[in-house]
Amino acid sequence: MTLQKTNTGYTFAPLEPRTLPVADSSVVFPVGRVYCIGRNYRWNQDKSVAPQEMPPWFMKPASAAVPACGALPYPPGTQDFCHEIELVVAIGVGGRNLQAQDVEPLHIWGYSVGLDLTRRDLQQIAKRSGEPWEAAKAFDHSAPCAPIVPVSVCGHPRQAAIWLSVNGIERQRSDLSDLIWSVPELVAMLSRSVALQPGDLIFTGTPAGVGALQIGDVVSGGVTGIGEFTVSISQPEATP
Ligand code: MN
(Lines give C-alpha, C1' and ligand atoms only; values in the text may rest on other atoms or scores of the structure.)
Protein backbone atom coordinates (compact mmCIF):
# COMPACT_ATOMS: atom_id res chain seq x y z
CA MET A 1 0.00 0.00 0.00
CA THR A 2 1.39 3.37 -1.00
CA LEU A 3 1.37 6.06 1.61
CA GLN A 4 -0.38 9.02 0.04
CA LYS A 5 0.91 12.44 0.93
CA THR A 6 -1.91 14.82 1.72
CA ASN A 7 -1.87 18.50 2.47
CA THR A 8 -4.72 18.29 4.93
CA GLY A 9 -2.89 16.96 7.98
CA TYR A 10 -5.09 13.87 7.98
CA THR A 11 -3.61 10.41 7.47
CA PHE A 12 -6.34 9.82 4.91
CA ALA A 13 -9.37 11.76 3.77
CA PRO A 14 -11.94 11.75 6.59
CA LEU A 15 -15.39 10.41 5.80
CA GLU A 16 -18.05 12.92 4.92
CA PRO A 17 -20.50 13.46 7.79
CA ARG A 18 -23.57 11.22 7.70
CA THR A 19 -26.61 13.24 6.68
CA LEU A 20 -30.35 12.73 6.52
CA PRO A 21 -32.74 14.53 4.18
CA VAL A 22 -34.91 17.35 5.47
CA ALA A 23 -38.52 17.15 4.32
CA ASP A 24 -39.38 19.43 1.36
CA SER A 25 -35.91 20.97 1.36
CA SER A 26 -32.60 20.69 -0.45
CA VAL A 27 -30.59 21.09 2.77
CA VAL A 28 -29.55 18.00 4.69
CA PHE A 29 -29.26 17.35 8.42
CA PRO A 30 -25.74 16.36 9.59
CA VAL A 31 -26.05 13.50 12.06
CA GLY A 32 -23.99 13.70 15.25
CA ARG A 33 -24.60 10.88 17.69
CA VAL A 34 -27.60 8.54 17.82
CA TYR A 35 -29.06 8.02 21.30
CA CYS A 36 -31.84 5.52 21.91
CA ILE A 37 -34.12 5.34 24.92
CA GLY A 38 -35.19 1.97 26.29
CA ARG A 39 -38.73 1.19 27.40
CA ASN A 40 -40.84 4.36 27.12
CA TYR A 41 -44.36 3.01 26.49
CA ARG A 42 -46.24 0.61 28.74
CA TRP A 43 -46.44 -2.81 27.12
CA ASN A 44 -49.44 -4.92 28.17
CA GLN A 45 -50.17 -2.92 31.34
CA ASP A 46 -46.60 -3.45 32.45
CA LYS A 47 -46.37 -1.80 35.88
CA SER A 48 -42.63 -2.31 36.28
CA VAL A 49 -41.65 1.04 34.79
CA ALA A 50 -41.47 3.78 37.40
CA PRO A 51 -41.59 7.22 35.74
CA GLN A 52 -39.26 8.88 38.23
CA GLU A 53 -36.36 6.62 37.26
CA MET A 54 -34.10 7.49 34.37
CA PRO A 55 -34.83 5.11 31.52
CA PRO A 56 -31.95 3.03 30.14
CA TRP A 57 -30.32 4.40 27.03
CA PHE A 58 -27.84 3.15 24.50
CA MET A 59 -26.22 4.41 21.29
CA LYS A 60 -25.78 3.61 17.66
CA PRO A 61 -23.04 5.08 15.46
CA ALA A 62 -24.02 8.01 13.23
CA SER A 63 -23.28 5.71 10.30
CA ALA A 64 -26.28 3.57 11.33
CA ALA A 65 -28.60 6.44 10.38
CA VAL A 66 -29.80 5.98 6.80
CA PRO A 67 -32.78 7.33 4.87
CA ALA A 68 -35.85 5.13 5.40
CA CYS A 69 -36.54 4.38 1.76
CA GLY A 70 -35.82 1.66 -0.74
CA ALA A 71 -34.22 -1.58 0.36
CA LEU A 72 -32.58 -2.33 3.71
CA PRO A 73 -30.31 -5.38 3.77
CA TYR A 74 -31.04 -8.15 6.28
CA PRO A 75 -28.14 -7.85 8.75
CA PRO A 76 -25.59 -10.59 9.39
CA GLY A 77 -25.35 -12.58 12.61
CA THR A 78 -29.02 -12.89 13.53
CA GLN A 79 -32.08 -15.07 13.08
CA ASP A 80 -34.36 -12.61 14.88
CA PHE A 81 -34.18 -9.22 13.17
CA CYS A 82 -36.85 -7.01 14.75
CA HIS A 83 -38.61 -3.71 14.05
CA GLU A 84 -39.19 -0.95 16.62
CA ILE A 85 -41.05 2.13 15.35
CA GLU A 86 -40.00 5.31 17.19
CA LEU A 87 -40.42 9.08 17.20
CA VAL A 88 -36.99 10.61 16.61
CA VAL A 89 -35.93 13.98 18.05
CA ALA A 90 -33.33 15.96 16.10
CA ILE A 91 -31.24 18.30 18.26
CA GLY A 92 -30.26 21.69 16.77
CA VAL A 93 -28.67 23.38 19.78
CA GLY A 94 -26.73 21.34 22.30
CA GLY A 95 -26.02 21.80 25.96
CA ARG A 96 -25.79 20.08 29.30
CA ASN A 97 -28.05 20.09 32.35
CA LEU A 98 -30.96 21.42 30.31
CA GLN A 99 -34.22 22.39 31.97
CA ALA A 100 -37.19 20.49 30.54
CA GLN A 101 -39.08 23.72 29.83
CA ASP A 102 -36.19 24.98 27.66
CA VAL A 103 -35.88 21.86 25.52
CA GLU A 104 -38.67 22.53 23.03
CA PRO A 105 -38.15 26.29 22.49
CA LEU A 106 -34.34 26.23 22.43
CA HIS A 107 -32.86 22.85 21.56
CA ILE A 108 -35.03 20.76 19.21
CA TRP A 109 -34.50 21.39 15.50
CA GLY A 110 -37.04 18.92 14.23
CA TYR A 111 -38.60 15.47 14.36
CA SER A 112 -38.53 12.29 12.37
CA VAL A 113 -39.91 8.79 12.56
CA GLY A 114 -37.49 5.91 12.38
CA LEU A 115 -36.76 2.31 13.15
CA ASP A 116 -34.58 1.13 16.02
CA LEU A 117 -33.72 -2.11 14.23
CA THR A 118 -32.61 -4.82 16.63
CA ARG A 119 -30.93 -8.21 16.45
CA ARG A 120 -33.21 -9.52 19.20
CA ASP A 121 -31.48 -12.87 19.64
CA LEU A 122 -28.20 -11.09 20.35
CA GLN A 123 -29.98 -8.68 22.71
CA GLN A 124 -31.46 -11.59 24.70
CA ILE A 125 -28.01 -13.16 25.03
CA ALA A 126 -26.57 -9.81 26.15
CA LYS A 127 -29.37 -9.27 28.67
CA ARG A 128 -28.94 -12.75 30.15
CA SER A 129 -25.19 -12.45 30.51
CA GLY A 130 -24.98 -8.75 31.40
CA GLU A 131 -23.00 -7.98 28.25
CA PRO A 132 -23.25 -4.69 26.32
CA TRP A 133 -25.97 -4.23 23.67
CA GLU A 134 -23.90 -2.94 20.75
CA ALA A 135 -23.97 -6.23 18.82
CA ALA A 136 -27.76 -6.19 19.09
CA LYS A 137 -28.31 -2.53 18.33
CA ALA A 138 -25.37 -0.74 16.70
CA PHE A 139 -25.06 -2.50 13.34
CA ASP A 140 -25.02 -1.03 9.82
CA HIS A 141 -28.35 0.46 8.59
CA SER A 142 -29.88 -0.07 12.05
CA ALA A 143 -31.36 3.43 12.39
CA PRO A 144 -33.34 4.27 9.22
CA CYS A 145 -35.17 7.61 9.48
CA ALA A 146 -37.81 9.38 7.40
CA PRO A 147 -36.91 12.93 6.26
CA ILE A 148 -36.52 15.26 9.24
CA VAL A 149 -39.29 17.83 9.62
CA PRO A 150 -38.29 21.21 11.09
CA VAL A 151 -40.16 22.42 14.17
CA SER A 152 -41.14 25.48 12.12
CA VAL A 153 -43.28 23.12 10.02
CA CYS A 154 -44.53 20.46 12.45
CA GLY A 155 -44.39 22.17 15.84
CA HIS A 156 -43.89 19.91 18.85
CA PRO A 157 -46.08 16.80 18.55
CA ARG A 158 -47.57 15.70 21.86
CA GLN A 159 -50.58 13.74 20.66
CA ALA A 160 -50.21 11.84 17.40
CA ALA A 161 -50.59 8.27 16.21
CA ILE A 162 -47.42 6.19 15.84
CA TRP A 163 -47.78 2.98 13.85
CA LEU A 164 -46.00 0.29 11.88
CA SER A 165 -47.23 -2.39 9.52
CA VAL A 166 -45.51 -5.29 7.78
CA ASN A 167 -46.86 -6.48 4.42
CA GLY A 168 -49.97 -4.38 5.04
CA ILE A 169 -50.74 -5.93 8.44
CA GLU A 170 -50.53 -3.57 11.39
CA ARG A 171 -48.16 -4.66 14.16
CA GLN A 172 -47.57 -1.56 16.28
CA ARG A 173 -49.92 1.32 17.08
CA SER A 174 -49.89 3.79 19.93
CA ASP A 175 -49.98 7.53 20.52
CA LEU A 176 -47.23 9.94 21.52
CA SER A 177 -49.40 10.92 24.49
CA ASP A 178 -48.65 7.42 25.85
CA LEU A 179 -44.92 8.14 26.20
CA ILE A 180 -43.91 7.44 29.82
CA TRP A 181 -41.22 10.11 29.70
CA SER A 182 -42.13 13.09 27.52
CA VAL A 183 -39.70 14.40 24.93
CA PRO A 184 -38.68 17.45 27.06
CA GLU A 185 -38.14 15.21 30.09
CA LEU A 186 -36.12 12.71 28.07
CA VAL A 187 -33.86 15.31 26.48
CA ALA A 188 -33.32 17.06 29.83
CA MET A 189 -32.52 13.74 31.51
CA LEU A 190 -30.06 12.77 28.80
CA SER A 191 -28.36 16.17 29.01
CA ARG A 192 -27.63 15.54 32.70
CA SER A 193 -25.63 12.49 31.61
CA VAL A 194 -23.91 13.77 28.45
CA ALA A 195 -23.49 17.18 26.81
CA LEU A 196 -25.82 17.14 23.82
CA GLN A 197 -24.56 18.45 20.49
CA PRO A 198 -26.19 19.83 17.35
CA GLY A 199 -26.96 16.91 15.05
CA ASP A 200 -27.69 14.43 17.82
CA LEU A 201 -30.69 12.19 17.21
CA ILE A 202 -32.72 10.72 20.06
CA PHE A 203 -34.90 7.66 19.43
CA THR A 204 -37.64 7.91 22.04
CA GLY A 205 -38.69 4.27 22.54
CA THR A 206 -41.16 1.93 20.88
CA PRO A 207 -44.70 0.85 21.71
CA ALA A 208 -45.81 -2.78 22.08
CA GLY A 209 -45.94 -5.06 19.08
CA VAL A 210 -42.28 -5.43 18.12
CA GLY A 211 -41.66 -8.44 15.94
CA ALA A 212 -39.37 -10.16 13.49
CA LEU A 213 -38.74 -9.21 9.87
CA GLN A 214 -37.93 -11.54 6.98
CA ILE A 215 -36.26 -10.98 3.62
CA GLY A 216 -38.91 -9.65 1.23
CA ASP A 217 -41.03 -7.97 3.90
CA VAL A 218 -42.39 -4.51 3.16
CA VAL A 219 -42.36 -2.32 6.25
CA SER A 220 -44.37 0.90 6.53
CA GLY A 221 -44.45 3.21 9.50
CA GLY A 222 -45.23 6.72 10.52
CA VAL A 223 -46.14 9.35 13.03
CA THR A 224 -49.14 11.48 12.08
CA GLY A 225 -48.00 15.02 11.28
CA ILE A 226 -44.32 14.03 11.11
CA GLY A 227 -44.01 11.59 8.25
CA GLU A 228 -44.34 8.12 6.86
CA PHE A 229 -41.94 5.72 5.18
CA THR A 230 -41.86 2.38 3.41
CA VAL A 231 -38.81 0.14 3.17
CA SER A 232 -38.32 -3.42 1.99
CA ILE A 233 -35.99 -5.98 3.54
CA SER A 234 -33.51 -7.26 0.98
CA GLN A 235 -30.88 -9.98 0.85
CA PRO A 236 -27.81 -9.54 3.07
CA GLU A 237 -25.14 -7.25 1.64
CA ALA A 238 -22.60 -9.00 -0.52
CA THR A 239 -18.98 -9.05 0.53
CA PRO A 240 -17.25 -6.22 -1.36
MN1 MN B 1 -36.00 1.01 20.79
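Residues numbered from 1 in each chain as written. Predicted model: local features only at pLDDT ≥ 70, side-chain atom pairs only at ≥ 80, totals over all residues. Heavy atoms only, no water.

The next point concerns the sheet that holds strand E17 (residues 218-223). Ordered by their spatial adjacency, five strands build an open sheet running E6-E18-E17-E13-E14, and the pairing between neighbours is mixed. Taken across any chain shown, the strands that pair with only one partner, and hence form the sheet edges, are strand E6 (70-73) and strand E14 (169-175). Adjacent strand axes in the sheet meet at a mean angle of 25° when their direction is disregarded. As defined by bridge partners, E17 adjoins strand E18 (residues 227-234) across six bridges and the pair is classed as antiparallel. For Gly222, the partnering residue across the bridge sits in E18 and is Glu228. (Pairing = 2+ DSSP bridges. Helix = DSSP H or I, 4+ residues; strand = E, 2+ residues; numbered from the N terminus. Axes fitted to C-alpha atoms, helices over the stretch in contact; angles between N-to-C directions.)

Before going further, it helps to examine the pattern of salt bridges. Under the defined criterion, the tally for this structure stands at seven salt bridges. Put simply, Glu84 and Lys137 hold a salt bridge, and the shortest N to O gap is 3.4 Å. Taken together, the residues span a long stretch of sequence, with Glu84 in the loop between strand E7 (81-83) and strand E8 (85-91) and Lys137 in helix H3 (residues 134-137) at a distance of 53 residues. For the pair Glu84 and Lys137, one class covers both residues: buried. The partner of Arg158 in a salt bridge is Glu104, with the nearest N and O atoms 2.4 Å apart. Taken as a pair, Arg158 in the loop between helix H4 (151-154) and strand E13 (161-166) and Glu104 in helix H1 (residues 100-107) lie far apart in primary sequence, 54 residues in all. For Arg158, a relative accessible area of 54% gives the class exposed. (Salt bridge = Lys/Arg side-chain N within 4 Å of Asp/Glu carboxyl O. Buried < 20%, exposed > 50% of the residue type's maximum accessible area, 1.4 Å probe, protein only.)

Take H1 next. By the burial criterion, the buried members of H1 are Val103, Glu104 and His107. One side of H1 holds all its buried residues, which, seen down the axis, span an arc of 125°. Exposed residues lying more than 90 degrees from the buried face of H1 are Gln101, Pro105 and Leu106. Looking at the buried positions of H1, the neighbouring elements they touch are E8, strand E9 (108-115) and helix H5 (183-191). (Arc of directions from axis to C-beta. Contact = heavy atoms within 4.5 Å.)

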